[in-house]
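What the coordinates show
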Amino acid sequence: MTETVLAILNQPSRDAAPHDPAADAFTWAKPLEEHLQVQDLGITRGDGVFETITVVDGRPQALEAHLDRFGRSAAMLDLPAPDPDAWRQAIEAVCARLDPVREAFAKTVLTRGVEGTDRPTGWVYAAPSVDSTAARTEGISVVVLDRGYRHDVERTSPWLLQGAKTLSYAVNMAALREAARRGADDALFVSSDGYVLEGTRANLILKVGDRLVTPRTDIGILAGTTQADVFRFAEQQGIETAYELVTLADLQAADALWLVSSVRQAAPIRSVNGDARTVDADLTGRINEFLLAREV
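In short, a report on the structure. (Residues numbered from 1 in each chain as written. Predicted model: local features only at pLDDT ≥ 70, side-chain atom pairs only at ≥ 80, totals over all residues. Heavy atoms only, no water.)

Structural notes on helix α3 (residues 84-97)
- Helix length check: α3, at 14 residues, gives a terminal C-alpha distance of 20 Å against a target of 20 Å (1.5 Å per residue), a fit within 8%.
- Listing the buried residues of α3 in full gives Ala86, Trp87, Ala90, Ile91, Ala93, Val94 and Cys95.
- Looking at where α3 begins, the residue whose side-chain oxygen comes 2.9 Å from the main-chain nitrogen of Asp85 is Asp83. (Helix = DSSP H or I, 4+ residues; strand = E, 2+ residues; numbered from the N terminus. Expected span 1.5 Å × (residues − 1). Buried < 20%, exposed > 50% of the residue type's maximum accessible area, 1.4 Å probe, protein only. Polar contact = N/O pair within 3.5 Å; in protein donor to acceptor, adjacent residues only side chain to side chain.)

This is the structure in structure tokens:
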């Protein structure tokens, strides 16, 4: 069985001519062989961006939304703009070559490349996903952790790159380890001035009465592709949706909570800081059914 499929993008230098559609966009590579130089800035400094795309029955989901966000993240880091046609071709190719599985993922990575070469490094790989059934049905426990920034950090300090999906995930991984030390599955970040932000790798959605609410995307959090599709589902069902500033009091008062992301999809939150929360199993099931059936 093909466990992992890898394609290396044929990345031009910053000043090169636009991609020729007739040229090869990528080169096939063996995942267990050496491909990156040790001086690559994506490795030595985390200087790059990535996307993780859900793949269901060989079909990459929300592909255009992921490509758009990939481009926005690259622009925030002053990286050369990813050629969407070349990346789309590579993504679809690795998904097609992966042996048939119900759920998989494709990951795109773009780094600044080896220092001094002015040539970025890019690759796409696909692999089967871990089983997220328990998270989707039984729910997850979370703890609230202070991110250490005000909620307006994206406006006041854009050089901190809040809202970009960068390779610099050391803080997120540290938060996950802290959550595990506290007996939880994940962490939910809160700003230093008391506004709820996002999970370590997911967006927060709250059920407030008959509405679904998520934190505003202009407060230094990553705009979620899965969250956007949950709102699309809600609107089809006649459920009102909103982007708002969310306080800890709002979190406490919500009727139900989810962390939503690619691969895991919608995971209901069953406890916050050890306090049990109501899980809306019916709505969760309908949301995940919708997400896994997406064709775009």
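So, next bit.
Brief notes about helix α7 (residues 225-236)
- Under the 1.5 Å per step criterion, the end-to-end length of α7 is 17 Å for twelve residues, consistent within 8% with the ideal 16 Å.
- Turning to α7, its buried residues are Thr225, Thr226, Gln227, Asp229, Val230, Phe231, Phe233 and Ala234.
- Just downstream of α7 lies Gly238, where phi reads positive at about 80°.

Digging into the nonpolar core
- Judged by nonpolar contacts, the single largest core of 29 residues is most densely connected at Val49, Trp87, Ile91, Val94, Ala106, Leu110 and Val124.
- Going through the elements one at a time, β1 (5-9), β3 (48-56), α2 (63-76), α3, β5 (103-111) and β6 (121-128) are the ones with two or more residues in this core.
- A per-element tally of this core places α3 first, with seven residues.
- Formed by 20 residues, the second largest nonpolar core is a distinct cluster that contains Ala135, Val196, Leu259 and Ile269. (Core = buried A, V, L, I, M, F, W, Y, C linked by side-chain atoms within 4.5 Å.)

Things to note about the pairing of strand β13 (residues 256-261)
- Across the six residues of β13, six count as buried, placing the element largely inside the fold.
- In β13, alternate side chains face the same way, and those of Ala256, Trp258 and Val260 on one face and Leu257, Leu259 and Ser261 on the other are all buried.
- As paired elements, strand β10 (residues 203-208) and β13 share five bridges and run antiparallel to each other. Bridge pairing links Leu206 to Leu257 in β13.
- Two strands pair when backbone bridges link them, and β13 and strand β14 (residues 265-272) are joined in this way by four bridges, in the antiparallel orientation. Paired with Val260 across the two strands is Ala266, which belongs to β14. (Pairing = 2+ DSSP bridges.)

A word on the environment of Gly238
- In this fold, Gly238 is placed in the loop between α7 and β12 (240-244).
- According to the relative accessible area criterion, Gly238 is exposed, its value standing at 68%.

Looking at a nonpolar patch on the surface
- Taken together, the side chains of Tyr149, Trp159 and Leu160 define a hydrophobic patch exposed on the protein surface, amounting to about 330 Å² of accessible area.
- With respect to the secondary-structure elements, Leu160 resides in the loop between α5 (153-156) and α6 (170-181).
- Judged by its relative accessible area of 32%, Leu160 is partly exposed. (Patch = residues over 30% accessible without salt bridge, like charges linked within 9 Å, V, L, I, M, F, W, Y side chains within 5 Å. Areas by Shrake-Rupley, 256 points an atom, 1.4 Å probe, with all protein chains shown as cover. Salt bridge = Lys/Arg side-chain N within 4 Å of Asp/Glu carboxyl O.)

Topic: the sheet that holds β3
- The strand order across the open sheet formed by six strands is β2-β1-β6-β5-β3-β4, and the pairing between neighbours is antiparallel. Of all the strands in the sheet, just β2 (26-29) and β4 (59-60) have a single pairing partner and so form its edges.
- Strand direction decides the pairing type here: β3 and β5, joined by nine bridges, are antiparallel. Paired with Phe50 across the strands is Val109, a residue of β5.

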